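Residue-level structural notes
Here is what each chain is made of, one letter per residue.
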Amino acid sequence: MLKALSHRGWFHFLLLLVWLAIGTGLRFTHLASKPPWTDEFATLVFSLGNGFRTIPLDQAIALDTLLLPLQPNPESGIGAVIHHLMTESTHPPVYFVINHLWMQLFPTADGLASLWAARSLSAIFGAASIPAMFGFGWLAFRSLLVGQMAAAMMAVSPYGIYLAQEARHYTLAILLIIASLSCLVIATRTIHCRIPLPTWVGLTWVGVNSLGIAIHYFFTLTLCAEALVLLRFWILDFEFWINRKFKPERSARTTPHPLWWRIYAVAAGTLIGGLVWLPAWQSASGNRVTQWIYDGELLSHWLAAIARVLGWIITMLSLLPVEGITLPIALVSGLGLLIFVFWALPIFIYGIRIQLARRETQVLGSYVLAAIALFLGITYGLSADLTIAARYHFVYFPAVIILVAAVLALCWDAANLAARTELGWTTRQQSLLHFLKARGKKAVALILLMGLIGGLTVVLNLGYQKVERPDLLVPIMQETSQVPILIATAHKTHEQTGEMMNLGLGFKRSYRSLEPAATSSPNYPPLFLLAHQELNSNNSTITLQKTLKQLPRPLDLWLVNFPRGAAGLEAQNCFAHSQSRPKVNGYKYRLYHCLSTEPS
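Residues numbered from 1 in each chain as written. Predicted model: local features only at pLDDT ≥ 70, side-chain atom pairs only at ≥ 80, totals over all residues. Heavy atoms only, no water.

Its 16 residues give helix H18 (residues 397-412) an end-to-end C-alpha distance of 22 Å, which sits within 8% of 22 Å, the value for a rise of 1.5 Å per residue. Within H18, 15 of the 16 residues are buried, which leaves the element mostly enclosed by the surrounding structure. (Helix = DSSP H or I, 4+ residues; strand = E, 2+ residues; numbered from the N terminus. Expected span 1.5 Å × (residues − 1). Buried < 20%, exposed > 50% of the residue type's maximum accessible area, 1.4 Å probe, protein only.)

The final tally for this structure, using the stated rule, is eight salt bridges. We note a salt bridge from Glu360 to Arg189, for which the minimum N-O separation is 3.5 Å. Here Glu360 is found in helix H17 (residues 359-381), whereas its partner Arg189 is found in helix H10 (residues 170-193), with 171 residues between them in sequence. For Glu360, a relative accessible area of 10% translates into the label buried. Note that Asp385 and Arg308 form a salt bridge whose closest N and O atoms lie 2.6 Å from each other. Highlighted residues: Asp385 in the loop between H17 and H18 and Arg308 in helix H15 (residues 302-315), separated in sequence by 77 residues. Three or more residues are tied together by salt bridges with common partners; here these are Arg189, Arg358, Arg359 and Glu360. (Salt bridge = Lys/Arg side-chain N within 4 Å of Asp/Glu carboxyl O.)

Across the sheet, six strands lie side by side as E1-E3-E2-E4-E6-E5; this open sheet has mixed pairing. Unpaired on one side and paired on the other, strand E1 (60-61) and strand E5 (574-576) mark the two borders of the sheet. As judged from the two bridges shared by E1 and strand E3 (residues 527-532), these two strands associate in the antiparallel manner. Each residue of the ladder has a partner; that of Ile61, found in E3, is Phe528. Docked against the sheet, helix H21 (residues 470-480) engages strand E2 (485-491), strand E4 (555-560) and strand E6 (589-594), running at close to 160° with respect to E4. Its contacts with the sheet put helix H23 (residues 539-550) on E1, E2, E3, E4, E5 and E6, and the angle it makes with E3 is roughly 145°. (Pairing = 2+ DSSP bridges. Contact = heavy atoms within 4.5 Å. Axes fitted to C-alpha atoms, helices over the stretch in contact; angles between N-to-C directions.)

Our next topic: unusual backbone geometry. That bond from Arg553 to Pro554 is cis: its omega, 0°, falls within 30 degrees of zero. The topology assignment puts Pro554 in the loop between H23 and E4. Within the chain, His30 stands out as a residue other than glycine whose phi angle is a positive 55°. Here His30 lies in the loop between helix H2 (9-28) and helix H3 (38-47). In this structure His30 comes out as partly exposed when scored by relative accessible area, which is 42%. A positive phi angle is found at Arg194, which is not glycine, with a value near 60°. Relative to the assigned elements, Arg194 resides in the loop between H10 and helix H11 (199-215).

Taken together, Trp10, Phe13, Leu14 and Leu17 make up a surface patch of nonpolar side chains, about 420 Å² in accessible area. Within the fold, Leu14 resides in helix H2. Accessibility expressed as a relative area gives 44% for Leu14, which makes it partly exposed. (Patch = residues over 30% accessible without salt bridge, like charges linked within 9 Å, V, L, I, M, F, W, Y side chains within 5 Å. Areas by Shrake-Rupley, 256 points an atom, 1.4 Å probe, with all protein chains shown as cover.)

Direction vectors running N to C along helix H7 (residues 115-141) and H17 enclose 125°, while the axes themselves pass 9 Å from each other. Put simply, H7 runs oblique to H17. Two secondary-structure elements touch here, H7 through Phe136, Ala140 and Phe141 and H17 through Glu360, Thr361 and Leu364. Residue composition of the contact of H7 with H17, by class: four nonpolar, one polar and one charged. (Parallel < 35°, antiparallel > 145°, perpendicular 65-115°, else oblique. Nonpolar A, V, L, I, M, F, W, Y, C, P; charged D, E, K, R; others polar.)

Moving on, we come to helix H20 (residues 427-459). When the terminal C-alpha atoms of H20 are compared, their 45 Å separation across 33 residues agrees well with the 48 Å that a helix rising 1.5 Å per residue should span. The sharpest bend along H20 measures roughly 70° and falls at Gly440. Taken from the residues just after H20, Asn461 is the one with a positive phi, measuring 65°. (Bend = angle between axes of the 7 residues up to and from the residue.)

Right, let's get into the state of the cysteines. Going through the model one piece at a time under the given rule, you end up with one disulfide. At a sulfur-sulfur separation of 2.1 Å, the disulfide partner of Cys574 is Cys594. Disulfide Cys574-Cys594: the torsion about the S-S bond is 110°, which places it as right-handed. Separated by 20 residues along the polypeptide, Cys574 in strand E5 and Cys594 in strand E6 bring together distant segments of the chain. Each of the two residues, Cys574 as well as Cys594, counts as buried. (Disulfide = S-S within 2.5 Å.)

Purely geometric numbers; function is a separate question.
Written out as structure tokens, the structure is:
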């Protein structure tokens with residue numbers, strides 16, 4: 001019955017709706033329950049048309065002053081969004097402009113921008129990638145089954161859900177990568193069939209590529225990987241042309257040049273669309289915001305970069321609880337995931353070996369390898385470790401999903417394919433098909449189930465937790481301090497401002513959710529100090545000492561991500577807290593009790 005239904009269009013439409021419902025539900029579940037982190041604060045502030053430079057530095061400021069950039073300003077329009085973004089950040093403006101218009105549709109939360117609103121736009125783009133992957137699978141492999149598998153894998157992908165629950169531009173970039181790869185598949189198909197690239201495809205390709213660069217600069221890695229794939233086809237085509245010119249009996253193919261002119265035009269149009277952002281790229285490479293990816297000691301632990309890439313690829317398919325749980329459970333989860341990987345690896349390898357006979361698999365497989373090679377080349381060649389952050393690997397995420405979907409479709413239909421002798425299977429291919437036939441539909445169901453478990457792991461905050469956990473640090477501060485609080489950090493860029501805003505928002509939420517009597521220090525809202533830190537200087541410590549002299553005692557000083565060189569505190573009657581405190585992601589903190597400076 002299932003086989004009969006698979007030939008009906010309405011069945012595939014309904015099945016796609018099922019995947020869309022599952023994927024959308026996962027992406028919107030607990031969407032605003034996780035605390036934002038620094039990059040999401042950048043999205044909120046810049047999308048509102050505000051900037052971080054309005055926050056005073058080198059002086060103690062109140063909570064409301066710290067959170068002022070999160071308040072919508074009716075006078076800030078699209079021009080303000082672009083201005084603040086181009087002067088204070090390293091990202092192109094298109095996504096932030098879209099988010100600016102989107103967030104105006106939602107009310108504020110206690111006068112501040114809605115985190116749910118900002119994240120919901122990414123979640124919508126993430127959900128839209130599910131039908132987009134269905135279309136991509138059908139276009140690339142001319143198979144509704146591959147399209148369904150691609151949609152199902154995208155719906156439950158832990159990595160896809162992680163990106164969709166971030167108030168950032170990655171899910172919109174993924175949609176454009178899917179569109180660009182679709183154009184690449186069509187282009188390679190026209191080369192193989194010896195027909196020119198359709199004009200509308202070329203214009204669409206240029207538009208998608210130019211827009212992709214305006215969404216995220218890492219989209220250029222997509223273009224470079226595509227260029228490497230096309231270069232391979234160009235070399236093969238050129239060899240055929242040479243053989244025809246000098247040995248006509250070997251081939252009756254026509255010259256390749258007329259077929260390639262339109263692809264050359266696409267490349268030229270894309271280059272023009274990218275050169276617009278060249279001044280911004282040059283300023284971004286030297287910006288202090290991007291300096292964290294540079295690792296001068298990378299070569300001493302070069303295997304770690306490769307291990308991270310493999311880890312990110314695995315989480316595109318499945319993930320088990322590894323964060324926010326006890327160590328024994330985390331070890332069991334890690335072992336279970338490792339067992340699953342070793343069990344599924346032969347299925348993927350054998351499936352890809354069979355699928356390599358298809359040009360589409362060669363194109364997309366070459367793209368994934370080229371993209372990974374670019375990541376590792378930049379990491380090792382420039383000591384800019386692009387493997388350190390999972391979010392950057394959205395560049396080849398859709399291609400990995402579509403290749404896995406092609407293998408799952410092959411595994412699902414292996415029994416039928418093995419019986420079709422007219423397809424001319426080789427002895428080796430028949431052997432591989434019988435291996436996949438033995439796994440069959442149960443293997444597909446198990447892989448999809450593991451993906452769903454991984455998606456739930458992310459939704460329940462047991463994997464891919466936010467980089468910063470103010471929800472853990474703020475209660476520690478409130479339970480420990482019974483006197484006024486000063487939270488100080490060494491300010492370098494708006495990244496540190498975001499870290500403090502995260503803590504400030506945590507305090508604001510705790511005061512809103514608890515009765516005044518339930519807080520340990522209800523009459524002492526915290527003060528914040530952003531002591532600006534210049535390179536190779538101790539001016540942040542000097543600023544801290546000056547600020548402490550101006551504040552009344554007793555006082556609890558919490559140093560958060562502050563240099564260890566903060567000296568001279570004992571001279572101001574500030575003494576380190578003797579008891580150890582638990583570690584908190586994103587925050588290295590120390591507590592000092594500052595007593596009265598009077599002799600008594």
